Amino acid sequence: SLFTTRQLQLKGFESWVYWERLTDRRPIGLQSTNRIHRMLPLKQLARQSRERTAWILRPTLPVGVRHHSQRLGSADLPLWGQILTVVRGGNTEGISSYIHGDFVSSSSANSHRDLVNPATGARVCSFEIASQEQVNESISSSIDAQKTWSKISAAERAKVLIRTADILDSRNDEIARVEAFDTGRPLQETLVVDVKSATDCLRFTAGILQGKCGQYVELSGPGDSNGSFCIVKREPLGVTAGIGAWNYPLQGCVWKAAPSLAAGNSMIFKPSEETPLTALVLAQAFIEAGAPKGLFNVILGSGETGRQLCEHPEIKKVSFTGSLETGRLVAQSAGYGLKKMTLELGGKSPLIVFEDADLDAAVSAAMVGNWYSCGEVCSNATRVFVNNSCKEAFLKLLAERTRKLKIGDPLLMDTQIGPLISRTQFDKVKEYVAVAREEGAKVICGGMEHTFHSDVGDLKNGYFFEPAIIDQ
């Protein structure tokens with residue numbers, strides 16, 4: 001991206017930056033290339049950025065300030081303690097559902113779920129599976145908040161969304177670390193994608209909100225002097241439910257919440273059991289921005305919790321992102337009450353490389369389309385069809401560049417491939433590769449559990465799998 005001098009300063013870059021100019025146009029982080037390293041005044045960099053080149057910018061840090069390449073944990077406050085400090089605003093007791101502006105526990109809760117760090121495979125805490133009592137409590141809270149919120153003008157609702165975006169932007173780095181810890185996706189991604197895509201959505205929704213007004217339509221036909229007309233008035237549905245996926249927790253949460261709240265609804269959001277943390281951060285940001293308590297509640301739970309939300313008569317719409325199988329269950333539960341639904345399910349996207357393609361660019365596209373976010377994106381180009389005339393050269397270059405990818409701790413800035421989200425997903429991917437081999441496919445590279453040297457310690461038990469290139 002190209003930024004103005006002022007934008008760079010707001011992002012933490014002062015008068016001088018350490019820069020790297022890439023000598024080719026491959027995606028940042030996915031290439032092996034010669035670089036030119038220099039210290040460059042910011043104003044001069046802004047002038048030179050008009051060239052069609054890619055840049056990596058790194059701020060010059062004062063003495064004693066930790067760079068992103070160092071681990072988040074410290075001797076004073078362990079990693080999980082720092083994560084909880086972000087999620088709970090200084091309270092490190094643990095996590096639970098967030099209802100009516102507060103973390104709540106249920107006396108009737110009879111089951112818990114372990115939260116596991118995918119980079120180490122270690123349990124870091126457990127949280128309550130929300131009881132039916134908590135689901136009912138959250139819905140009652142949302143009903144009250146929605147009545148207040150729907151009476152607020154569109155302009156005032158837009159201001160709350162914009163303030164929420166500003167709050168998230170101001171905490172970009174710490175939220176990015178929580179997202180990297182929770183999902184296993186590399187910090188070099190979460191620092192520039194997750195909060196940014198969420199705040200873009202909040203501001204976009206706030207911007208179009210005032211244009212979504214009613215409509216007056218004249219109905220009079222030839223010879224009709226009665227002046228018949230109709231009026232279209234946009235009204236909120238009421239309480240809505242969002243059920244999120246685990247690969248982009250904050251982004252997916254905002255993509256559901258922002259349009260719903262903008263239209264005057266309230267929302268109860270159930271994040272994935274694998275990645276519940278940043279939804280809790282968002283809920284607190286809405287309160288800080290001026291939203292009424294209960295407008296956005298977060299319920300932690302399992303598939304049963306999602307079913308309770310979908311079937312509750314006060315839920316007027318359900319928005320779900322996840323697998324095809326779970327989508328069918330959501331449609332069944334919500335469909336019984338004839339609720340409105342939005343289902344964003346899995347995909348299997350192809351990439352086609354023709355004989356006249358720029359192979360270097362095609363390989364870059366294949367790598368971004370498969371290895372980005374550890375390959376855990378529903379729109380990834382997981383099938384790559386290559387013309388026979390260039391297939392051998394394509395595979396050779398793809399394998400060379402794939403083998404150079406840095407697999408490791410997602411909280412280190414030089415890591416390009418982190419762990420898969422869970423043991424379940426790890427085993428599933430491993431099984432797919434085994435099936436491919438049994439059916440006669442050739443594994444060009446990867447396709448096995450990644451082994452670390454002895455000095456990495458706890459990463460040995462993480463869910464790291466080497467990117468696999470399979471030729472049929």
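The shown structure was predicted, so the numbers you read here are calculated from the model rather than taken from an experiment. (Residues numbered from 1 in each chain as written. Predicted model: local features only at pLDDT ≥ 70, side-chain atom pairs only at ≥ 80, totals over all residues. Heavy atoms only, no water.)

## Re the environment of leucine 420
Where we set the bar: Under the DSSP-based scheme used, a helix requires at least four consecutive residues in state H or I and a strand at least two consecutive residues in state E, with every element numbered from the N terminus. Under the scheme applied here, a residue whose accessible area is under 20% of the maximum for its type counts as buried, over 50% as exposed, and between as partly exposed, the area being computed with a 1.4 Å probe on protein chains only. Contact criterion: two residues are considered in contact whenever any of their non-hydrogen atoms come within 4.5 Å of each other.
Tracing the chain through its elements places leucine 420 in the loop between helix H14 (388-403) and helix H15 (423-438). A residue is classified by how much of its surface remains accessible, and leucine 420, at 9% relative accessible area, is buried. Each C-alpha atom, one on leucine 420 and one on phenylalanine 465, is 7.1 Å from the other, the two residues being 45 residues apart in sequence. Setting aside anything within four residues of it in sequence, one finds leucine 420 in contact with Pro118, Cys374, Glu376, Gln425, Phe426, Val429, Tyr463 and Phe465.

## What to know about the nonpolar core
Going by this rule: Among buried residues, those of type Ala, Val, Leu, Ile, Met, Phe, Trp, Tyr and Cys that are joined through side-chain atoms within 4.5 Å constitute a nonpolar core.
With 52 residues, the main nonpolar core has Ile95, Phe286 and Phe296 as its most contacted residues. Element by element, the count of residues in this core is highest for helix H10 (residues 277-288), at eight residues. The residues touching phenylalanine 286, leaving out its near neighbours within four places in the chain, are Leu161, Thr164, Leu202, Ala257, Leu261, Ala291 and Phe296. If you look at the next biggest cluster of nonpolar residues, it comprises 22 residues, including Val363, Leu398, Ile417 and Leu459.

## Describing the packing of aromatic side chains
Counted only if it meets this: Stacked, tilted and edge-to-face are the three classes assigned to paired rings of Phe, Tyr and Trp, where Trp is represented by its six-membered ring and a pair needs centres within 6.5 Å; plane angles under 30 degrees give stacked, over 60 edge-to-face, the rest tilted. Only when the NZ atom of a Lys or the CZ atom of an Arg is both within 6 Å of the ring centre and within 35 degrees of the ring normal do we say a charge sits over the ring.
Using the criterion set out here, one finds six aromatic pairs in the structure. Summarising the aromatic geometry, the rings of tyrosine 98 and phenylalanine 103 are spaced 5.1 Å apart at their centres and angled 75° between planes, so their arrangement reads as edge-to-face. Exposure class is identical for tyrosine 98 and phenylalanine 103. Each is buried. On the basis of an interplanar angle of 35° and a centroid distance of 5.3 Å, the ring pair of tyrosine 216 and phenylalanine 229 is categorised as tilted. Within this pair, whereas tyrosine 216 is found in strand E8 (residues 215-218), its partner phenylalanine 229 is found in strand E9 (residues 229-232), the two being separated by 13 residues in sequence. Take phenylalanine 229: its relative accessible area is 44%, and that puts it in the partly exposed class. Among the aromatic residues, those joined into a cluster by ring pairs are Phe269, Phe286 and Phe296. The aromatic ring of tyrosine 248 is capped on one face by arginine 185, whose charged end is 3.9 Å from the ring centroid.

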